[in-house]
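Descriptive structure summary
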Amino acid sequence: MRWRQVSRRARRLISEERSIVVLLVAAAVAMGVAAVAFPGSWPLTSLLIPLTVGSVLLGPRLLPWFVIIVLLVLTLAITQQPAMTARIAAGTVVIFLIGLIIMLASFRRTSLGVGGMRGESMLVDLRDRILRQARLPALPPEWYAESALRSASGSPFAGDLVLAARRGQRVDFVVADVSGKGEEAGTRALLLSGAFAGLLSEIPSEEFLPAANRYLVRQEWLEGFATCIHLAVDLDSGDFEVRAAGHPPAIQVHAGSGRRSTHEPEGPFLGLIEEAEFEPVRGNLGAGDAVLLYTDGMVESAERDLSSGVDRLAGAAERMLAEGFQYGAGRLVDALGSPDDDRALVLVHRR
């Protein structure tokens, strides 16, 4: 049934594309005829209109042929002009150059197999999948959790990723940083996001980082490493375990004493050592306490090193104790994160 639905949708898209190309060819021919019939008032550069619309609406299978047809119409129209003026010559050169650019872009799209609006819709779908996986699960009223994710490029495609999964009274939070920045690392982050989400919801918490590491080792990427921090919290007792793979430490703010502490478990980067071990650091979240997981874009920049950045973030979290942690993750990312790096933060608060 699913295959028949996909097949019907594919045939419908092909049929729609053929209808579009017929209309665009008719428009190009009509403009060419108008340029011949009214050489003084109808410009040949009007052919840029169907050419541009075709580059947006047509896929890589039909787009090159459409460009060739438009250029043939242009060539025939030029031969029927009463005189070759500098204006006509300049317009012809511009149309041929734009046609060449569209052709080259179409050949590049061929490797993906889609183009135009369908290619853009695929990217939108990928973006939405990343954002859906970053949603945090519903928690009991006495617990509050929030995440914030920003990319260096300003797009939703970033090298940082946030995941969470709840099983009964146990909830897991993961923050990871894939090598690279912005869209450069976005494809790797998307692949890891899907794989890590499946692992997080299906295996015991203590097995997550070893399994994630083995998965990343098998990818054999040239830049095949990532840092990661994993927090597993018992919602009944507040007990938690933190495991990390080359990642900045978790920060805990203690409401009772007003002090802060860092939890820095040891573990190598993911993807470097096949049989790596990740020892946990254990603690407890009391009433009013909060814990922060984040990537290095929150604490490192050209102006400050990691330790001073961690102190700065911890100090900002301490000041939130008085005003509350509601929407605190977004505020911290916008106020402290480096705009030149991807940045992500998860805030978990026991009310």
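Shown above is the structure to which this text applies.
Residues numbered from 1 in each chain as written. Predicted model: local features only at pLDDT ≥ 70, side-chain atom pairs only at ≥ 80, totals over all residues. Heavy atoms only, no water.

Side note on helix 7 (residues 208-219)
Basically, it comes down to this: Every helix listed is a DSSP run of H or I at least four residues long, and every strand listed is a run of E at least two residues long, numbered separately from the N terminus. Given a helix with a known number of residues, its expected span is that number minus one, times 1.5 Å. Type-normalised accessible area, obtained with a 1.4 Å probe on protein chains alone, sets the label of each residue: buried when under 20%, exposed when over 50%, and partly exposed for intermediate values.
In a regular helix each residue adds 1.5 Å, so twelve residues correspond to 16 Å; helix 7 covers 17 Å between its end C-alpha atoms and thus fits that length. Among all positions in helix 7, only Phe208, Leu209, Pro210, Ala211, Ala212, Asn213, Tyr215 and Leu216 are buried. Just beyond helix 7, the residue with positive phi is Glu220, at close to 55 degrees.

Let's talk about the packing of helix 8 (residues 306-323) against helix 9 (residues 328-336)
Each packed pair of helices is defined by two parameters, the angle between the axes and the distance between the axes. The line we're drawing: In this description, a line fitted to the C-alpha atoms serves as the axis of each element, helices being fitted only across the stretch in contact, and the angle between N-to-C directions of two axes falls anywhere from 0 to 180 degrees. We call two directions roughly parallel when the angle between them is under 35 degrees, roughly antiparallel when it is over 145, roughly perpendicular when it lies between 65 and 115, and oblique otherwise. Handedness of each helix crossing follows the sense of rotation of the near helix against the far helix: counterclockwise by less than a right angle gives left-handed, clockwise gives right-handed. Any two residues having at least one pair of non-hydrogen atoms within 4.5 Å are treated as being in contact. Each residue is assigned to one of three groups, with Ala, Val, Leu, Ile, Met, Phe, Trp, Tyr, Cys and Pro labelled nonpolar, Asp, Glu, Lys and Arg labelled charged, and all others, Gly among them, labelled polar.
Axis separation between helix 8 and helix 9 bottoms out at 11 Å; the angle between their running directions is 140 degrees. The angle between helix 8 and helix 9 places the two elements in the oblique class. You can see that helix 8 and helix 9 cross each other, and the crossing is right-handed. Residues Arg312, Leu313, Ala316, Met320 and Glu323 of helix 8 pack against Gly328, Arg331, Leu332, Ala335 and Leu336 of helix 9. Tallied by class, residues from the contact of helix 8 with helix 9 come to six nonpolar, one polar and three charged.

What about helix 3 (residues 63-79)?
For helix 3, built from 17 residues, the straight-helix expectation of 24 Å at 1.5 Å per residue is met to within 8% by its first-to-last C-alpha distance of 25 Å. Of all the residues in helix 3, the buried ones are Leu63, Pro64, Phe66, Val67, Val70, Leu71, Val73, Leu74, Ala77 and Ile78.

Thoughts on unusual backbone geometry
Backbone geometry at Tyr327 places phi at a positive 60 degrees, although glycine is not the residue there. With respect to the helices and strands, the residue Tyr327 is situated in the loop between helix 8 and helix 9.

Some thoughts on the sheet that holds strand 4 (residues 226-234)
We count it as follows: The rule for pairing is simple: two strands pair if DSSP sees at least two bridges between them.
Taken in spatial order, the five strands of this open sheet run 2-3-4-5-8, and their pairing is antiparallel. Lying at the two open borders of the sheet, with one neighbouring strand each, are strand 2 (160-167) and strand 8 (281-284). Taken over all neighbouring pairs, the strand axes of this sheet differ in orientation by 15 degrees on average, direction set aside. Where strand 5 (residues 239-245) and strand 8 come together, four bridges link them in antiparallel fashion.

Section: the pairing of strand 6 (residues 250-253)
Residues Ala250 and Gln252 of strand 6 are buried on one face, and the alternating residues Ile251 and Val253, pointing to the opposite face, are buried as well. Where strand 6 lies against strand 7 (residues 260-263), four bridges are found, and the strand directions are antiparallel. The partner of Ile251 across the bridge, within strand 7, is Thr262. The hairpin formed by strand 6 and strand 7 contains six residues between the paired strands, and Gly258 there has a positive phi angle of roughly 75 degrees. Here strand 6 pairs with strand 9 (residues 290-294) via three bridges, running antiparallel. When the bridges of strand 9 are listed, Gln252 appears paired with Val291.

A few points about the side chain of Gln81
Within the secondary structure layout, Gln81 lies in the loop between helix 3 and helix 4 (86-110). On the basis of relative accessible area, Gln81 is assigned to the buried category, the value being 12%. Setting aside anything within four residues of it in sequence, one finds Gln81 in contact with Ala35, Val36, Pro39 and Ile88.

Quick word on the environment of Leu235
Tracing the backbone through its elements, the reader meets Leu235 in the loop between strand 4 and strand 5. Separated by 69 residues in the primary sequence, Leu235 and Arg166 place their C-alpha atoms 9.9 Å from one another. Excluding its chain neighbours within four sequence positions, the residues that come into contact with Leu235 are Leu139, Pro140, Trp143, Arg166, Gln169 and Val171.

Comments concerning the sheet that holds strand 6
Backbone hydrogen bonds are what pair the strands of a sheet, in a parallel or an antiparallel way. Read from one edge to the other, the open sheet built from five strands follows the order 1-10-9-6-7, with strand pairing classed as antiparallel. Edge positions in the open sheet fall to strand 1 (143-150) and strand 7, since each of these has one partner strand only. Ignoring strand direction, the axes of neighbouring strands in this sheet form an average angle of 15 degrees. Running over the sheet, helix 9 touches strand 1, strand 9 and strand 10 (343-350) and is turned about 30 degrees from strand 1.

Overview of the pairing of strand 10
A regular strand places its side chains so that they alternate between the two faces of the sheet. Across the eight residues of strand 10, eight count as buried, placing the element largely inside the fold. In strand 10, alternate side chains face the same way, and those of Arg343, Leu345, Leu347 and His349 on one face and Ala344, Val346, Val348 and Arg350 on the other are all buried. Pairing of strand 1 with strand 10, which is carried by eight bridges, proceeds in the antiparallel orientation. Note on strand 10: the bridge partner recorded for Ala148 is Leu345.

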